[in-house]
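Okay, here's what each chain looks like letter by letter:
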Amino acid sequence: MIKKKSKQFGTFTTNGIEYYRTRIKDQDGRRITLYAKTVDELSEKVAEVKEQIENKTFCRTTPTVKEYCEKWLLMQSANVRQTTLTDYTSKVKNYIIKPLGDMHIADVTLDDIRMALIPVSKKSASVYKSVNVLLRCIFTSAKESKVIKNNPTANLSAKGGGVPQSDKIPLTDEQVDKLLDAIKDLPPYVFVMIGLYAGLRREEILALQWDSVYLDAQAPYLTVRRAWHTEHNRPVIMTDLKTPAAYRDIPLPDCLAECLREAKANATSEYVVANSDGNPLSYTQFKRLWTYIVTRTTKERHYYRYENGERIKHTVTPVLGEKAAHNGKVVYSLDFQVTPHQLRHTYITNLIHASVDPKTVQYLAGHESSKITMDIYAKVKYNKPQEIAGLLEGAFSLWNENYGQTNTMQ
């Protein structure tokens with residue numbers, strides 16, 4: 001069926017279906033959104049509602065998904081941290097309001113929700129799970145408040161959804177040496193050292209102040225008690241950490257203590273990692289800081305230039321050991337990629353290789369759940385078949401010996 005166009009009504013598409021839409025105001029001046037699959041159907045709805053408004057018999061239907069989501073987020077603002085609320089708001093806006101926002105919440109079916117989750121399934125498994133949880137919370141809240149009679153998310157499951165995240169790979173000792181050599185005396189050096197030898201998260205490093213670094217103690221250490229995040233690219237330093245386990249004291253190995261002593265001697269800011277004004281970094285400034293590392297890798301990258309009024313894409317394929325064409329100070333010396341979290345994972349892995357017990361690893365890493373620590377511990381400690389084989393041979397030889405004796409007695 002070919003739809004006829006309408007100058008009177010707008011259109012929008014959700015789940016692959018095009019609807020006609022218009023808005024009118026009720027007797028209290030509030031906007032009412034009406035939609036239908038055909039122009040004639042929508043015209044009839046408009047006439048009916050206008051008549052009800054004139055006769056003062058109009059009863060407002062359930063809110064749209066967008067309206068209720070905004071209300072739900074406002075209610076959450078009293079109970080969760082600002083960083084959590086920011087995360088909720090982003091996911092709700094992009095993955096719930098965007099596909100379902102114009103629908104009345106009472107009209108949403110499980111099929112509508114499953115259709116809306118198709119784009120989310122292309123994201124990571126953790127994002128897919130988070131959006132599922134948010135959908136269930138929002139629709140459960142609407143049912144408990146008697147906004148809707150039935151909860152379409154009652155049978156919604158996040159199992160198997162999203163793209164599984166690949167295992168985190170720690171840096172080898174050789175890669176650590178190459179990385180530190182490549183950025184020695186450059187802005188990210190102190191950040192990288194703290195990540196590698198204290199295992200702090202990015203937000204913990206960027207919030208670290210000198211009053212939390214105890215270099216003159218008999219055993220030098222630092223304490224984690226602040227966290228960094230950004231709002232509209234502006235840094236915000238919080239003392240309310242994500243979990244109680246995040247508050248911890250980290251002993252400093254000699255190499256890190258020496259690095260921090262040198263940095264403190266030249267510091268003009270209360271922050272260990274600061275911008276040129278002595279303030280904590282904005283998100284953009286942190287990305288610029290990390291660029292010092294990215295530009296020294298052999299990762300292929302692209303950039304655009306306007307040539308004769310046309311935007312032309314150029315590709316750079318760095319060769320290990322060569323200098324950058326437009327910056328002779330940059331040498332492509334890293335044949336591997338590095339992420340901020342990889343520094344922390346390398347720290348945790350090295351603790352495990354050094355036979356540090358799991359509870360101590362959990363404390364130093366600031367893990368709230370022992371499951372997180374043990375999952376990493378198992379992968380690092382026991383993912384070595386050649387070493388485990390000897391242990392199993394000894395264990396089963398003893399078992400066979402005992403079992404064989406039992407059989408002989410029988």
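Details of the structure are given in the entry above.
Residues numbered from 1 in each chain as written. Predicted model: local features only at pLDDT ≥ 70, side-chain atom pairs only at ≥ 80, totals over all residues. Heavy atoms only, no water.

> Looking at this model, I keep getting lost on helix α12 (residues 358–365). Mind explaining?
In an α-helix, one turn spans 3.6 residues, which is why side chains three or four residues apart end up on the same side. Turning to α12, its buried residues number three or more, namely V361, Q362, L364 and A365. N-cap assignment for α12: the residue whose side-chain oxygen lies 3.2 Å from the backbone N of K359 is D357. (Buried < 20%, exposed > 50% of the residue type's maximum accessible area, 1.4 Å probe, protein only. Helix = DSSP H or I, 4+ residues; strand = E, 2+ residues; numbered from the N terminus. Polar contact = N/O pair within 3.5 Å; in protein donor to acceptor, adjacent residues only side chain to side chain.)

> Which parts of the structure should I look at to understand unusual backbone geometry?
Residues other than glycine predominantly adopt negative phi, and peptide bonds predominantly adopt the trans conformation. Here N233, not a glycine, exhibits a phi torsion of approximately 75 degrees, which is positive. Its location among the elements puts N233 in the loop between β6 (227–231) and β7 (234–238). Residue N233 is classed as partly exposed on the basis of its relative accessible area, which comes to 33%. Even without being a glycine, N308 presents a positive backbone phi close to 55 degrees. Tracing the backbone through its elements, the reader meets N308 in the loop between β9 (301–307) and β10 (310–316).

> So what exactly am I meant to see when it comes to a negative patch on the surface here?
A cluster of acidic residues, E41, E44, E48, E51 and E54, forms a negative patch on the protein surface. For E44, the location among the structural elements is in helix α1 (residues 39–54). The exposed category is assigned to E44, whose relative accessible area is 58%. (Patch = residues over 30% accessible without salt bridge, like charges linked within 9 Å, V, L, I, M, F, W, Y side chains within 5 Å. Areas by Shrake-Rupley, 256 points an atom, 1.4 Å probe, with all protein chains shown as cover. Salt bridge = Lys/Arg side-chain N within 4 Å of Asp/Glu carboxyl O. Lys, Arg positive; Asp, Glu negative; His and termini not counted. Charge placed at Lys NZ, Arg CZ, Asp CG, Glu CD.)

> It is not clear to me how the pairing of β10 should be interpreted in this structure. Could you clarify?
Side-chain direction in a regular strand flips from residue to residue, so the side chains alternate between the two faces of the sheet. The pairing of β9 with β10 spans 7 bridges and is classified as antiparallel. Paired with Y306 across the two strands is R311, which belongs to β10. Connecting β9 to the next strand, β10, in antiparallel fashion are 2 residues, including N308 with a positive phi near 55 degrees. (Pairing = 2+ DSSP bridges.)

> I would appreciate a short explanation of the sheet that holds strand β5 (residues 221–224) in the present structure.
Pairing between sheet strands relies on hydrogen bonds along the backbone, with the strands arranged either parallel or antiparallel. With antiparallel pairing, 3 strands are arranged side by side in an open sheet as β4-β5-β8. Pairing within the sheet leaves two strands with one partner each, and these edge strands are β4 (213–214) and β8 (248–251). Relative to β8, β5 is paired through 4 bridges, and the arrangement is antiparallel. Following the sheet pairing, T223 is matched in β8 by D249.

> What is the right way to look at the layout of surface pockets in this model?
Empty space among the atoms becomes visible once a probe the size of a water molecule is rolled across them. As a volume, the second largest pocket reaches approximately 780 Å³. Together, 28 residues line the second largest pocket, and P187, V190, V272, V273 and A274 are the ones closest to its centre. Put simply, the parts of the chain that give the lining of the second largest pocket at least two residues each are α7 (189–198), α9 (254–265) and α10 (283–294). Here the lining of the second largest pocket is composed, by residue class, of 16 nonpolar, 6 polar and 6 charged. (1 Å grid on protein atoms, 1.4 Å probe; cavity = no way out; pocket = protein on both sides within 12 Å on 5 of 7 lines; lining within 4 Å. Points joined across faces, edges and corners; volume = space filled by probe spheres on them. Nonpolar A, V, L, I, M, F, W, Y, C, P; charged D, E, K, R; others polar.)

> Looking at this structure, I do not really get α1. What am I missing?
With 16 residues, α1 extends 22 Å between its outermost C-alpha atoms, agreeing within 8% with the 22 Å of an ideal straight helix rising 1.5 Å per residue. Of the residues making up α1, those classed as buried are V39, L42, V46, V49 and I53. The arc that holds every buried residue of α1, seen down its axis, measures 95 degrees, which confines them to one face. (Expected span 1.5 Å × (residues − 1). Arc of directions from axis to C-beta.)

Purely geometric stuff here, so don't read any function into it on its own.
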